[in-house]
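Structural features, examined
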Amino acid sequence: MSVGKLSLVEFRERFDEEPGYLDYARIAPMGRTALEEQTALSSGLEHARFGSLAALLSQHDRMKDAVARLGGFRPDQVVFQPSTSQGLMHTMFGVTGGVALAPTEFPSLTFAATRAAASLGVLAPLWLETENGRVTPGNLRDQLTSSAVAVAVSLVDYRTGYLVDLDGIRQVIGDRLLIVDAAQAFGVVDAPFEVADVVASGGQKWARAGIGTGFLAISDRARDHLTPVWSGYPGAEDGFYDAVTDPLPGAAAFQISHADPIAAGRFAAALEEIAEVGIPTLNAEIARNVSRIIDLADEFAIPVTSPRAEGERAGIVVLEPLPEQLTVLAASLHNHGITATVRDTAVRLSAHATVDEETFAMLRAALVSFSTTI
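In this report, the structure presented in the accompanying data block is examined. Treat the numbers as computed from the prediction; the structure is a model and nothing was measured. (Residues numbered from 1 in each chain as written. Predicted model: local features only at pLDDT ≥ 70, side-chain atom pairs only at ≥ 80, totals over all residues. Heavy atoms only, no water.)

**Some thoughts on the environment of Ile338**
Put simply, the rule is: Here a helix means four or more residues in a row that DSSP labels H or I, a strand means two or more in a row labelled E, and each is numbered from the N terminus. Working definition: with a 1.4 Å probe on protein chains only, accessible area under 20% of the residue-type maximum means buried, over 50% means exposed, and in between means partly exposed. Contacts are assigned to residue pairs that have any heavy atoms within 4.5 Å of one another.
Relative to the helices and strands, Ile338 resides in the loop between α12 (326-335) and β9 (341-343). Residue classification places Ile338 among the buried positions, given a relative accessible area of 7%. If near-sequence neighbours (up to four positions away) are discounted, Ile338 is found in contact with Gly20, Leu22, Leu333, Leu349, Thr359, Met362 and Leu363.

What follows is the structure, encoded as C-alpha cells:
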C-alpha cells in the first residue's frame, strides 16, 4: 500500500457532507472522487463511443486490484459483490458442517447461516454466548466443539463497537475457517486480514463508495472447502454457451452475474483514494474523533458502553443513558441537527476522519440541552 501521496487535509476537501453527520456506521456520504468516477463511467455508457465498452468491462478487475491492495489479498482471491449480505450468503450456502457465531451478530451473518441451514441441511449454526455482545478468544475457546468447521465474526460489532482480536481468534480456532464480516471496518481499520479465510464487506459505510458496492475475498484453503452453490455463468469455465460448465477455481466462482461496472468503478476509485492517504492516517484521525465524542459523553455523565481502549474500538461510540432518558437524548440530538442511529436502549454515534469542528460544537450543544432537560 502506498502511503502519503494524499494528505489528510486533501482527503477531507474531497467530501462535502453537512455538519452534524455522525452516522458513518450506517451509510457514509460519498465523496467527489467516487461521484466523479460514477459520472464518467455513466457518460461512457450513455454515449457508447467506439471502444468505450472495454473501459466499462475493465472495472471489475480494477476493483479487485484495489481491494487486494488494501486487504493484502491476491486479485484472483477477490470478487465483486453488491453487498456484504450477498457475499455472506455465498459463503454460508457453501459451508458443510458447523459454523460457530453469535446470535447478536448483524443479521447479514445470522440470516445467511440460518437460511443455508434450512435450505440445504448441510450447515449447522452453533450459537455462541458472548461477553456483553463481544466475541473474544477466551469465550470462543470454551465453546468450540469438534463439529465446528468454521467461525464467523464481525471485525467490528455494530451493536457494541467492539474490535475483535482476529489474531487471537485465529490462534484459538486452529485450522477451522475464519469468516469475517468487515463491513464496519474495511478501509479504516488496519487489520490482519491474512489470518482470515473469508472476508466480506460493503462499500457504503467506511469506504464511502455508495450503496450497491462490496466484495468477497476467499483464501485458497476456503475455496477448497466451500461449494459455490450460487455460481452463474460468469463464474464458470469456458464453454458455458454450449453447456453448464464447472465453476472456476478461484473467488470468481462466487458470482451470479457480471459485476455492475459503474458500481465497481466507484468502489475502486474510493479504495484507491484510501490507499493514497493510507489506512493508518485515517485510523488515527478516527481514533481522535472517537476520543472526543467519549470525552463529551463523560463531561455530561452519559454512560458509554462501547470500548474505550483504542485497541478494542474503531469508529463507533455507543451511549446508553437511563431508559427514561433515551427519548430526551434522541430528541436533543435531532433538534440540534445531529444524525445518529437510535436503536433499542442506545444511541450509536460513528465518526469518520472528515468530521469537522462545527459538528463537535453541534454535538456539545445537543448534550447541553439534554443535561438541562433531564
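**Regarding the nonpolar core**
This is how the line gets drawn: Only buried Ala, Val, Leu, Ile, Met, Phe, Trp, Tyr and Cys residues count toward a nonpolar core, and they belong to the same one when joined by side-chain atoms within 4.5 Å.
The biggest cluster of nonpolar side chains holds 95 residues, and the ones touching the most others in it are Phe73 and Phe215. For this core, the element with the most residues is helix α10 (residues 261-277), which contributes nine residues.

**Things to note about the pattern of salt bridges**
In plain terms, the rule: Definition used for salt bridges: Asp or Glu carboxyl oxygen within 4 Å of a side-chain nitrogen of Lys or Arg.
Inspection of the entire model under this criterion finds 18 salt bridges. The partner of Arg308 in a salt bridge is Asp298, and the shortest N-O contact between them spans 2.7 Å. Here Arg308 is found in the loop between α11 (279-299) and β8 (316-319), whereas its partner Asp298 is found in helix α11, with 10 residues between them in sequence. Because the salt bridges share partners, they merge into one network encompassing Arg12, Glu285 and Arg288.

**Focus: unusual backbone geometry**
A positive phi angle, near 55°, is found at Asn132, a position not held by glycine. Tracing the chain through its elements places Asn132 in the loop between β3 (123-127) and α7 (137-141). On the accessibility criterion, Asn132 (72% relative accessible area) is exposed.

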